[in-house]
Amino acid sequence: MEIWHNPRCSKSRAALALLTEHGAEPTVRRYLDDPPTRDELERALAALGTEDPLAITRTGEPAFGEQGLAGADRDTLLDALAAEPKLIERPVVIDGDRAVVGRPPENVLGLLGDAPR
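This text gives an overview of the structure that appears in the document. Source: prediction; values computed, not measured.

1. As for the pattern of salt bridges
All chains considered together, the criterion is met by 12 salt bridges. Of the charged contacts, one joins R29 and E2 as a salt bridge, the two residues approaching to 3.7 Å between their closest N and O atoms. Within this pair, whereas R29 is found in strand 2 (residues 27–30), its partner E2 is found in strand 1 (residues 2–5), the two being separated by 27 residues in sequence. When its relative accessible area of 9% is taken as the criterion, R29 is described as buried. The salt bridge partner of E89 is R103, with a shortest N-O separation of 2.8 Å. Residue E89 is found in the loop between helix 4 (74–83) and strand 3 (92–95), and its partner R103 is found in the segment after strand 4 (98–101); the two are separated by 14 residues along the sequence. Looking at R103, the relative accessible area reads 33%, which means it is partly exposed. A network of salt bridges, in which partner residues are shared, links R38, E42, R74, D75 and D79.

2. So, helix 4
Note: α-helices contain 3.6 residues per turn, so residues at a spacing of three or four share the same orientation. Buried within helix 4 we find L77, L78, A80 and L81. Considered in projection along helix 4, the buried side chains sweep an arc of 160° and stay on one side of the axis. Its buried side turned inward, helix 4 meets helix 2 (38–48) and helix 3 (62–66).

3. Let's talk about the sheet that holds strand 3
The sheet built from 4 strands is open, its strands ordered 2-1-3-4 with mixed pairing. The sheet is open, and its two edges are formed by strand 2 and strand 4, each paired on a single side. Averaged over neighbouring strand pairs, the angle between their axes works out to 20° when direction is ignored. Sheet topology places strand 3 next to strand 4; 4 bridges connect them, and they run antiparallel. Paired with V92 across the two strands is V101, which belongs to strand 4. In the packing of helix 1 (residues 10–21) onto the sheet, the strands contacted are strand 1, strand 2 and strand 3, and the crossing angle to strand 1 comes to about 160°.

4. Some thoughts on the nonpolar core
Core analysis: the biggest nonpolar cluster contains 20 residues, and W4, L41, I56 and L87 have the highest contact counts within it. Secondary-structure elements contributing two or more residues to this core are helix 2, helix 3, helix 4, strand 3 and strand 4. Judged by nonpolar contacts, the second largest core, of 12 residues, contains M1, A15, L16 and L112.

Basis of the calculations
- Residues numbered from 1 in each chain as written.
- Predicted model: local features only at pLDDT ≥ 70, side-chain atom pairs only at ≥ 80, totals over all residues.
- Heavy atoms only, no water.
- Salt bridge = Lys/Arg side-chain N within 4 Å of Asp/Glu carboxyl O.
- Helix = DSSP H or I, 4+ residues; strand = E, 2+ residues; numbered from the N terminus.
- Buried < 20%, exposed > 50% of the residue type's maximum accessible area, 1.4 Å probe, protein only.
- Arc of directions from axis to C-beta.
- Contact = heavy atoms within 4.5 Å.
- Pairing = 2+ DSSP bridges.
- Axes fitted to C-alpha atoms, helices over the stretch in contact; angles between N-to-C directions.
- Core = buried A, V, L, I, M, F, W, Y, C linked by side-chain atoms within 4.5 Å.

Written as structure tokens, this is what we have:
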């Protein structure tokens, strides 16, 4: 299990705390310092069960508007997420072939249970 984590974000901190309180030991990836590649973004979307990059895009981030990403196609969005990780929603928790966006943080609990960690 891996969490794309921003320690400055209260939702990200809360999601990480919930995971550890329930016995999970996720790998913590500070995605702003270690951005996911485009391939990793594609795998995360597949694990989320969507092909739409908007599922993990912070559309309210100033860079989203500055780059004219509203209405952008999939490839443009993926390139933007890979180039500018602050556009990635946080936290994203990936466990094998399943993933959730931890907004609200309680979403991460759906990955726990009988699933491998």
